[in-house]
Amino acid sequence: MKITHVETVLISVELNRDYRGSVYSVPRKNAIITRVHTDEGLVGHCVNGEGSLESHQQARAIIDQELAPMILGLDPVSIETLWSRMWVATHRGGRDKWSAVRAVSCVDSALWDLLGKRAGLPLYQLWGGARDALPIVAIGGQYHDGYAPEDYGAEMVEYRELGLAGCKFKVGGRSVEEDLARTRAARRAGGEDFVLFVDANRGWSRAQALAFCQQATDLGLRWFEEPCHWDDDRRDLALLRAQTGLPMAAGQSEITVQDCRDLMLDRAIDVCNLDASWGGGPTAWLRVARMAACFGVQMGHHGEPTVGSHLLAAVENGTYVETHHPDRDPIFHQMLIGRGRIENGLYHLPEGPGWGIDFDPEFIARHRLD
């Protein structure tokens, strides 16, 4: 089997409002669909999203102009070899490394779907098959002008009604006191059995994050994700972890296996939530997961439930599938055909080969950017 063509489609959907965290704004949902075609008629595909439209446009150009010519005529089964060949594109100077790594991630994701289809297996089984269902939580609590703490509590009730097990709740964009009030409202409304995390997206100083931790000991938080500013976050994570005893999570802001390794070597994290769509694809994520098991570190996956669910279900140290409210992620909740089932807090993975999903052509036609 030989690769004959690599196709990319850029999707951009205007959302019903701007979804804001401590340091970011999401008015649109952007994604790249990548399809790898072969001379035997088998096609591997995937959708990879999150991030600015500009970064997606840059990544798509790198796929079309650099990565596709590198792999045409080669055997798609040789994924390690193809990954190494494509990774060279990230060494080019003078451009954003994130876009180049994202481009590799997109093609790598489609190549794995192709291999799963050839083998006739869902990818989570091909990679290890630790389980076929995982608890699923929302990424929520984004800042909304005019919301009182009780409004964030109502959001948690809606997540329960959607069948979700918990919420990764945004903090770090307000004062410690205000974000504590919002988090307490989320805990009251969600209930004691509602899994609650907090995520500051590197929005606070170490002192602010420590003050939050000291006042949140009664909230039963599963972990605190990216509490501190980016410039010294590894040291800050290690200190907070040692001083508070609250599990720390990070990794989504890293784009290499080596960066994730260093988080573990510095004893900075209990959970690594590398995003395969940002950090080199499933090939890189699985390397990190095996390494994390040796350090006694659990794995998360930042958003991207299509990709993240298969990876997390494949390994024993996987944790929670992450999704968004349907209004925040129309790609997952509207475009996917045959996605897994959400029921009683669990996500039951698709049973078809590869990612086990297809895409609604009418949705693509409405939202594609040519």
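Fair warning: this is a prediction, and the values are worked out from it, not measured in the lab.

Moving on, we get to the domain arrangement of the protein chain. Once the domains are mapped, the protein chain shows domain 1 (3-120 + 360-367) and domain 2 (125-359). Taking only C-alpha atoms into account, the centre of domain 1 sits 23 Å from that of domain 2. Taken residue by residue, the interface counts 46 residues in domain 1 and 47 residues in domain 2. Each partner contributes to the roughly 4,000 Å² buried at the junction of domain 1 and domain 2, and carbon and sulfur atoms together form 62% of this total. Of the charged contacts in the structure, one is a salt bridge between R328 and E50, with a shortest N-O distance of 2.8 Å. Here domain 1 and domain 2 share 19 residue pairs in polar contact (both at pLDDT 80 or more) between them. Residue assignment for the side of domain 1 that touches domain 2 shows that the elements contributing at least two residues are β1 (3-20), β2 (25-38), β3 (43-49), α2 (79-87), α3 (97-119) and α13 (361-367). Considering each element in turn, the side of domain 1 that touches domain 2 owes the most residues, 14 residues, to α3.

In this section: the nonpolar core. Membership of the largest hydrophobic core comes to 107 residues, with the highest contact counts inside it found for F212, F224 and W285. Element by element, the count of residues in this core is highest for α3, at 11 residues. When residues of this core are assigned to domains, at least three map to each of domain 1 (3-120 + 360-367) and domain 2 (125-359). Sequence-distant contacts of W285, that is, excluding residues within four places in its chain, are made with L274, A276, M299, G300, H301, L311, L312 and V315. One finds A165, F197, W223 and Y320 within the second-largest nonpolar core, a separate group that totals eight residues.

All right, on to the pairing of β2 then. In terms of burial, β2 is largely enclosed, as 10 of its 14 residues are buried. In terms of strand pairing, β1 meets β2 through 13 bridges, oriented antiparallel. Residue pairing in the sheet places L10 in a bridge with I32 of β2. Taking the residues between adjacent antiparallel strands as the criterion, β1 and β2 are bridged by four residues. Here β2 runs beside β3; their pairing, made up of seven bridges, is antiparallel. Across the sheet, the residue bridging to V36 is G44, located in β3.

Rules of the game
- Residues numbered from 1 in each chain as written.
- Predicted model: local features only at pLDDT ≥ 70, side-chain atom pairs only at ≥ 80, totals over all residues.
- Heavy atoms only, no water.
- Domains from an automatic or database assignment.
- Contact = heavy atoms within 4.5 Å.
- Buried area = accessible area lost by both parts, 1.4 Å probe.
- Salt bridge = Lys/Arg side-chain N within 4 Å of Asp/Glu carboxyl O.
- Polar contact = N/O pair within 3.5 Å; in protein donor to acceptor, adjacent residues only side chain to side chain.
- Helix = DSSP H or I, 4+ residues; strand = E, 2+ residues; numbered from the N terminus.
- Core = buried A, V, L, I, M, F, W, Y, C linked by side-chain atoms within 4.5 Å.
- Buried < 20%, exposed > 50% of the residue type's maximum accessible area, 1.4 Å probe, protein only.
- Pairing = 2+ DSSP bridges.

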